[in-house]
Amino acid sequence: MLTLARGATYHVDVNTPESPELRTERLGAGVVKRPTTLADGRELIYYDDPETTLGAERSVDARTLAPRPDTATMRLDVLTGDWITVAANRQNRVMMPGADADPLAPQTPGNPSEVPSRYDVAVFENRSPAFGPALAEPVGTVPGATNPPRGLDDLAALGLGRTRTAVGRCEVVCFSPEHSGSFGTQTATRARTVIEAWADRTAALSSLPGIQQVFPFENRGEAIGVTLPHPHGQIYAYPYVTPRTARVLDAVDRTAPDLFARILAEEQASERVVFRGEHWTAFVPFAARWPLEVHLMPHRHVPDLAETTAEERDELAPLYLRLLRGVDALYDSPTPYIAAWHQAPVHVGRESVRLHLQLTSPRRAADKLKFLAGSEAAMWAWAAEVAPEQGAARLREALARADQEASA
């Protein structure tokens, strides 16, 4: 099992029946990290809350599992320069199981799930990944790919019929052992543990050979396409710089290296601010696409979650939970959303691309969704139905209601 930090060497831990108490590492905010492996060799890491009620021992994964699927292949769309992963193994994913068959719940005699023990927060390698398990180079028991990308110049070259192995890593982040919920239903303490896990995994995944960008995110709600009601998110470690980030890098090159600082200053002076803390500001962006779109950005330049300070993480936990409560208060019911943590690439743009959350929802009314059809889906030409200033005002009102209910 790989445990990594930037600049660190690789270390392998194996959890066996003879040694169920795992090696531990203390992280920020009193969070304890306990790494191990699953029965098929996939990495599993427990992140224990400060003052957790869990003991130090963890059960061994005694399942008999089939070998991991082969790493998928990427194909180049020569017209756009985008790399498309072809991952047929993802067709067999579980679809909305009941609580007795929840694959993210702690294992029981009747439910041989993915996590052997009771946990606070758990992170493990996805069983049906879009990227990996092979890496650009072999690391421990992880194989090297036969046809990996050969750097950013190789990925940028256009040509017909170009393929590469989809090296990388896809991980599942379980926010809670409970069967239902989301990030927003967690306590401030649990939210802080998840943030510590995100930062730790960002650093670890960024150190893997061939990784170009790391992306933590949460999909919430069936309208988004969620297949599991369990409160969880994911982390993708890509072998390329994603198309959106490539366009951001181009915008920085065409304007100024401090573009994000300029954006934040302009938004903070506008009526689109939702709230402002000591270290973070939430705002509806000037050119918001979705009926509900809000960004959360740190006040200083920081490329990713791994580079945030303890003070920034401490404030982020309650601020993010407050934002999500406001999002749900818009229509007095759970709001479907994608919560995307945009981080700078691993090897380029780290002095210019700033970490920020982009939370979007297709919900345009209590009983209506925005669907991407002809113009937007085919031509990438957006038309927004809600003015950003109106969206910010509505969200501020919802936050006020949510705050009042929370203090009642």
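Scroll up for the structure.
Remember, it's a predicted structure, so these values are computed and weren't measured experimentally.

Trainee: Teacher, can you tell me more about the overall build of the protein chain here?
Mentor: Per the secondary structure count, the protein chain includes seven helices and 19 strands. In terms of C-alpha radius of gyration, the protein chain reaches 21 Å, essentially the compact-globule figure of 22 Å for 408 residues. Taken along its principal axes, the extent of the C-alpha atoms in the protein chain is 60 × 60 × 40 Å. Out of the 408 residues belonging to the protein chain, those deemed buried represent 54%. Nonlocal contacts in the protein chain, meaning residues at least 24 apart in sequence, comprise 67% of its contacts between residues at least 6 apart. Summed over all atoms, the accessible surface of the protein chain reaches about 18,200 Å², with 52% contributed by carbon and sulfur. If the 42 positive side-chain charges of the protein chain are averaged to one point and the 52 negative ones to another, these points end up 3 Å apart.

Trainee: In this structure, what is going on with the packing of aromatic side chains? I would like to understand it.
Mentor: Given two aromatic rings, one states the distance between the centres and the angle between the planes to describe the pair. A complete count under the given rule lists 16 aromatic pairs for this structure. Measuring from centroid to centroid gives 6.5 Å for Phe-215 and Tyr-238, while their planes differ by 25 degrees, and the two rings are stacked. Taken together, the residues Phe-215 in strand E11 (residues 213-220) and Tyr-238 in strand E12 (residues 232-238) connect sequence positions 23 residues apart. By the burial criterion, Phe-215 is buried, and Tyr-238 matches it. An angle of 90 degrees between the planes, with centres 5.8 Å apart, marks the rings of Tyr-320 and Trp-341 as edge-to-face. One end of the pair, Tyr-320, is in helix H5 (residues 310-329); the other, Trp-341, is in strand E16 (residues 337-342), and 21 residues separate them in sequence. Of the two residues, Tyr-320 and Trp-341, both sit in the buried class.

Trainee: Explanation requested: the pairing of strand E15 (residues 292-298) in the structure shown.
Mentor: When a strand is regular, its side chains alternate between the sheet's two faces. In terms of residue burial, E15 counts as a mostly covered element, since seven of its seven residues are buried. Judged by which residues are buried, E15 turns out to be covered on both faces: Leu-292, Val-294, Leu-296 and Pro-298 on one side and Glu-293, His-295 and Met-297 on the other are all buried. In the sheet, strand E14 (residues 280-283) pairs with E15 via four bridges, with the strands oriented antiparallel. Each bridged residue has a counterpart across the sheet, and for Thr-281 the counterpart in E15 is Met-297. As defined by bridge partners, E15 adjoins strand E17 (residues 356-361) across five bridges and the pair is classed as antiparallel. Residue pairing for E17: Val-294 is matched across the bridge by Leu-359.

Trainee: Can you walk me through the pattern of salt bridges in this structure?
Mentor: Side chains that differ in charge, positive against negative, can pair when their charged atoms come close. Here the structure, examined in full by the defined rule, presents 33 salt bridges. We note a salt bridge from Arg-42 to Asp-40, for which the minimum N-O separation is 2.9 Å. Salt-bridge contacts for Lys-370 lead to Glu-376; the nearest nitrogen and oxygen are separated by 2.8 Å. Per residue, the accessibility class of Lys-370 equals that of Glu-376, and both read buried. Among the ionic contacts, a cluster of salt bridges with common partners joins Asp-40, Arg-42, Asp-61, Arg-63, Glu-114 and Arg-127.

Trainee: Quick question: what am I supposed to make of the sheet that holds strand E6 (residues 73-77) here?
Mentor: Sheets are built from strands that pair by backbone hydrogen bonding, the pairs being arranged parallel or antiparallel. Strand order in the open sheet formed by three strands is E7-E6-E9, with antiparallel pairing between adjacent strands. Taken across any chain shown, the strands that pair with only one partner, and hence form the sheet edges, are strand E7 (82-86) and strand E9 (163-165). When the angles between neighbouring strand axes are averaged without regard to direction, this sheet yields 30 degrees. By the bridge criterion, three bridges tie E6 to E9 in an arrangement that is antiparallel. Bridge pairing links Met-74 to Arg-164 in E9.

Trainee: What exactly am I supposed to notice about helix H2 (residues 188-206) here?
Mentor: Owing to its 3.6 residues per turn, the α-helix aligns residues three or four sequence positions apart on the same side. For H2, which comprises 19 residues, the first-to-last C-alpha distance of 27 Å matches the rise-based estimate of 27 Å (1.5 Å per residue) to within 8%. Within H2, 17 of the 19 residues are buried, which leaves it mostly tucked inside the rest of the structure.

Trainee: What exactly am I supposed to notice about the nonpolar core here?
Mentor: For soluble globular proteins, nonpolar side chains are generally found buried alongside one another. Among the nonpolar cores identified, the biggest contains 58 residues, and Phe-183, Trp-198, Tyr-320 and Trp-341 are the most heavily contacted of them. It is H5 that contributes the most residues to this core, nine residues altogether. Among residues more than four places away in sequence, those in contact with Tyr-320 are Phe-183, Trp-198, Ala-339, Trp-341 and Leu-357. Membership of the second largest hydrophobic core comes to 16 residues, among which are Met-74, Ala-166, Phe-217 and Ala-340.

Trainee: I keep staring at the pairing of E12 and nothing clicks. Help me out?
Mentor: Of all seven residues in E12, seven are buried, a share of seventy percent or more. Here E12 shows two buried faces, one formed by His-232, Gln-234, Tyr-236 and Tyr-238 and the other by Gly-233, Ile-235 and Ala-237. In this structure, strand E10 (residues 169-174) lies alongside E12, joined through six bridges in antiparallel fashion. Residue Val-173 lies in a different strand from E12, and its bridge partner there is Gly-233. Bridge count between E11 and E12: five bridges; the pairing is antiparallel. Counterpart to Val-214 in the pairing with E12 is Ala-237.

Trainee: What is the right way to look at H5 in this model?
Mentor: The end-to-end C-alpha distance of H5, which contains 20 residues, comes to 29 Å, matching closely the 28 Å that a straight helix rising 1.5 Å per residue would cover. The largest bend in H5 amounts to roughly 30 degrees and is located at Leu-316, with the proline Pro-318 lying one to four residues further along.

Trainee: How should the sheet that holds strand E13 (residues 273-276) be read in this particular structure?
Mentor: Taken together, 12 strands build an open sheet; the order of strands is E3-E4-E5-E8-E10-E12-E11-E16-E17-E15-E14-E13 and the sheet is antiparallel. Since the sheet does not close on itself, it has two edges, and those belong to strand E3 (25-26) and E13, each with one partner. Across the sheet, H2 is in contact with strand E4 (32-37), strand E5 (43-48), strand E8 (121-125), E10, E11, E12 and E16; its angle to E5 comes to roughly 145 degrees.

Trainee: It is not clear to me how the environment of Ala-134 should be interpreted in this structure. Could you clarify?
Mentor: Mapping Ala-134 onto the fold places it in the loop between E8 and helix H1 (152-156). In this structure Ala-134 touches Thr-71, Pro-143, Gly-144, Ala-145, Val-167 and Gly-168, once residues within four positions along its chain are discounted.

About the cut-offs
- Residues numbered from 1 in each chain as written.
- Predicted model: local features only at pLDDT ≥ 70, side-chain atom pairs only at ≥ 80, totals over all residues.
- Heavy atoms only, no water.
- Helix = DSSP H or I, 4+ residues; strand = E, 2+ residues; numbered from the N terminus.
- Rg over C-alpha atoms; globule rule 2.2 N^0.38 Å.
- Buried < 20%, exposed > 50% of the residue type's maximum accessible area, 1.4 Å probe, protein only.
- Contact = heavy atoms within 4.5 Å.
- Areas by Shrake-Rupley, 256 points an atom, 1.4 Å probe, with all protein chains shown as cover.
- Lys, Arg positive; Asp, Glu negative; His and termini not counted.
- Charge placed at Lys NZ, Arg CZ, Asp CG, Glu CD.
- Phe/Tyr/Trp six-rings, centres within 6.5 Å; stacked < 30°, edge-to-face > 60°.
- Pairing = 2+ DSSP bridges.
- Salt bridge = Lys/Arg side-chain N within 4 Å of Asp/Glu carboxyl O.
- Axes fitted to C-alpha atoms, helices over the stretch in contact; angles between N-to-C directions.
- Expected span 1.5 Å × (residues − 1).
- Core = buried A, V, L, I, M, F, W, Y, C linked by side-chain atoms within 4.5 Å.
- Bend = angle between axes of the 7 residues up to and from the residue.

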